[in-house]
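Okay, here's what each chain looks like letter by letter:
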Amino acid sequence: MRALGRQVGRLALHLLVPALAAAAPLAVIPAVTSTQGASGWSAVAVGLSVGVATSVVAELGWGIVGPQRVARGTRPPGDLFATALASKIVATAVLLPVAAVVTAVVADEHRPAAVLVSVGVALGALSPTWYFIGLGRPLLVLVAETGPRVVVSVASAVAIRAGAPLEVYGAGMVLAAAVTFVVAPRLGGARLPATGDFRAVGAVVSSQLVLVLGRGVATTYKSLPVAVLGTVSPGSVAAFAAVDRPLRMGLQVVSAIPDRLQTWVGVPSAELARRRSTISLSLNVGLGLVVGLGFATCMPAVADVLFTGAVPVSPDLAVTGGLLVGVICASRGAGLALVSAERHAHTTTASICSALVGVPGTLVLGARLGALGALSALVVAEAVGLVVQLVVLVRSDRTPRGQAPRPVPPSGSGPPSEASRC
């Protein structure tokens, strides 16, 4: 019973951390829409879209492979953290100016505010969440990262309602990222990068290039639809973002389940890992059904409160968003299984297939049907990616594998055999 209690407690922490992180923007959105209307929300949504896309690429795939590498303990966790952080610092420094320029071009109004939001979100690439998840210490995520973000979000909401400009929100996010950067290594028993870590950046990026490519491709249809839609149907951005942002916030909350399962499925025994991956996939499919149904049912009413009536969400948009939630949850389960089977390079294949459907689909259907068309394109794209991952998993299960654990490559060296096969 004590063991069960500990597991329940850990799961509760894994749920609490993303729930608070997702709740932080909820304080800001009503403040933005009540003072700046749909135009203010569109600007913030564009900044969030480009910023998330930038952070996903600059994160270099550490959120995928990092937790299981920490859990397996093939290298001192503190050194692994320093190596990862060095590579992410370099990637972020290169991509931040690009994010700022893209945001300024796409945003129609409130451009300085949108750019600041984009930069603040992009700095999330330096997040230590993957490291703390690998250590099995989600409470540290709450203290080092989620806490500062919640504080600045609430403070920004109060300031905006009091008449402060929208730039306050983005500036606060930059400040929160700086606090996390300083605090996280101290709390996690890690160190900041040294010269040797920065010298190894080229090798790290090269070894994880397949993952980086996959993340970059996935970004084009997962994180950038707001920006893409803004080029073909600017008037649909507010309605689309009114579904997409709460949807992503909800997915961030339920990500606690696959996050908690990462270390559970990441065991050395191939047979045990396969069995656990099957259970994990089933759990994520069930989760998607429940959460997707809840989203489709509740979102129209939630939007009236969240966006203060400035941006309504119709039932058809809510239902399509619910379908998207369900497919994404199932895809997360498949992705965990691929990583556990050391087939994570094939997530890039799935991402490419999804992007080939999602990007043109968003452009064409978004231009013709607006927000509903863009959401429908994302549903189809995610479904294609899910099918590709499932096919790889089935083929992997048919491949004879020994019971002895295969060597786990040291962090920074990546899985070259998998990369070469892709």
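Predicted model only: the values in this text are computed from it and were never measured. (Residues numbered from 1 in each chain as written. Predicted model: local features only at pLDDT ≥ 70, side-chain atom pairs only at ≥ 80, totals over all residues. Heavy atoms only, no water.)

Asks: What exactly am I supposed to notice about the overall build of the protein chain here?
Replies: Helix and strand content of the protein chain: 18 helices and zero strands. The 422 residues of the protein chain split such that 53% are buried. Sequence separation of 24 or more characterises 84% of the internal contacts of the protein chain that already satisfy a separation of 6 or more. In the form shown here, the protein chain has an accessible surface area of approximately 16700 Å², with 70% of it arising from carbon and sulfur atoms. (Helix = DSSP H or I, 4+ residues; strand = E, 2+ residues; numbered from the N terminus. Buried < 20%, exposed > 50% of the residue type's maximum accessible area, 1.4 Å probe, protein only. Contact = heavy atoms within 4.5 Å. Areas by Shrake-Rupley, 256 points an atom, 1.4 Å probe, with all protein chains shown as cover.)

Asks: Help me understand the nonpolar core in this model?
Replies: One recurring pattern in soluble globular proteins is that nonpolar side chains are buried together. By size, the foremost hydrophobic cluster in this structure holds 55 residues, and its most contacted members are Trp41, Phe240, Phe307 and Val313. Per element, the largest residue contribution to this core is eleven residues, and it comes from helix H1 (residues 2-58). Setting aside residues no more than four positions away along its own chain, Phe240 makes contact with Pro225, Val226, Leu229, Ala371, Ala374, Leu375 and Leu378. With 21 residues, the next largest nonpolar core counts Leu60, Val70, Tyr131 and Leu140 among its residues. (Core = buried A, V, L, I, M, F, W, Y, C linked by side-chain atoms within 4.5 Å.)

Asks: Honestly, a nonpolar patch on the surface in this entry has me stumped. Any pointers?
Replies: On the surface, Val232, Leu363, Val364, Leu365 and Leu369 cluster together into a nonpolar patch covering about 370 Å² of accessible area. Among the elements that make up the nonpolar patch, the one with the highest residue count is helix H16 (residues 346-369) (four residues). Mapping Leu365 onto the fold places it in helix H16. (Patch = residues over 30% accessible without salt bridge, like charges linked within 9 Å, V, L, I, M, F, W, Y side chains within 5 Å. Salt bridge = Lys/Arg side-chain N within 4 Å of Asp/Glu carboxyl O.)

Asks: When you look at the confidence of the model for the protein chain in this model, what are you seeing that I'm missing?
Replies: For any part of a model where pLDDT is low, the fine detail of the predicted coordinates should not be relied upon. Residues of the protein chain with pLDDT of at least 70 account for 87%, and the chain-wide mean is 83. When pLDDT is averaged over each element of the protein chain, helix H4 (residues 111-122) comes out on top at 95 and helix H18 (residues 416-421) at the bottom at 30. Low pLDDT, under 50, characterises residues 400-422; the predicted model gives this stretch 44 contacts beyond four residues in sequence or across chains. (pLDDT = per-residue confidence, 0-100.)

Asks: Would you take a moment to explain helix H7 (residues 167-187) for this structure?
Replies: Residues three or four positions apart in an α-helix share a direction because the helix packs 3.6 residues into each turn. Taking 1.5 Å per residue as the helical rise, H7 with its 21 residues ought to reach 30 Å, and the 30 Å between its terminal C-alpha atoms agrees with that figure. Of all the bends in H7, the greatest reaches close to 25° and is centred on Phe181; the proline Pro185 follows between one and four positions later. In the stretch just after H7, Gly189 is the one whose phi turns positive, near 65°. (Expected span 1.5 Å × (residues − 1). Bend = angle between axes of the 7 residues up to and from the residue.)

Asks: Is there a simple way to think about the pattern of salt bridges in this case?
Replies: Oppositely charged side chains can form a pair if their charged atoms are brought close together. Counting across every chain of the model gives four salt bridges. Across the pair Asp197 and Arg191 runs a salt bridge whose closest N-O atoms are separated by 2.7 Å. The shortest N-O distance in the salt bridge between Arg248 and Asp244 comes to 3.1 Å. With a gap of four residues between them, Arg248 and Asp244 both fall in helix H12 (residues 237-254), about one helical turn apart. Across this residue pair, the class does not change: Arg248 and Asp244 are buried. The network of salt bridges with common partners includes Asp79, Arg191 and Asp197.

Asks: How should the packing of aromatic side chains be read in this particular structure?
Replies: The way to describe two aromatic rings as a pair is by their centre distance and the angle between their planes. Evaluation of the coordinates by the stated rule reveals six aromatic pairs. Judged by centre distance (6.5 Å) and plane angle (15°), the ring pair of Phe81 and Trp130 falls under stacked. Within this pair, whereas Phe81 is found in helix H3 (residues 77-106), its partner Trp130 is found in helix H5 (residues 129-135), the two being separated by 49 residues in sequence. Given a relative accessible area of 5%, Trp130 falls into the buried group. Members of the aromatic cluster, connected to one another through ring pairs, are Trp62, Phe81, Trp130, Tyr131 and Phe132. (Phe/Tyr/Trp six-rings, centres within 6.5 Å; stacked < 30°, edge-to-face > 60°.)

Asks: I would appreciate a short explanation of the packing of helix H11 (residues 225-232) against H12 in the present structure.
Replies: Geometrically, a packed helix pair is captured by the angle between its two axes and the distance between the axes. Packing of H11 against H12 brings their axes to within 10 Å, and their N-to-C directions diverge by 165°. The angle between the axes of H11 and H12 places the two elements in the roughly antiparallel class. Judged by the twist between their axes, the crossing of H11 over H12 is right-handed. Contact with H11, carried on its side by Pro225, Val226, Leu229 and Gly230, involves Val237, Phe240, Ala241 and Asp244 of H12 and no other residues of that element. Among the residues forming the contact of H11 with H12, the class breakdown is six nonpolar, one polar and one charged. (Axes fitted to C-alpha atoms, helices over the stretch in contact; angles between N-to-C directions. Parallel < 35°, antiparallel > 145°, perpendicular 65-115°, else oblique. Left-handed = near helix turned anticlockwise from the far one by under 90°. Nonpolar A, V, L, I, M, F, W, Y, C, P; charged D, E, K, R; others polar.)

Asks: Is there a simple way to think about the packing of H12 against helix H14 (residues 270-306) in this case?
Replies: The geometry of H12 relative to H14 is characterised by a closest axis approach of 10 Å and an angle of 135° between their N-to-C directions. Regarding the angle of H12 to H14, the classification is oblique. By crossing handedness, the relation of H12 to H14 is classed as right-handed. Contact residues: H12 offers Ala242, Val243, Pro246, Leu247 and Val254, while H14 offers Leu287, Val291, Phe295, Met299 and Leu306. When the residues that make up the contact of H12 with H14 are grouped by side-chain class, the tally is ten nonpolar, no polar and no charged.

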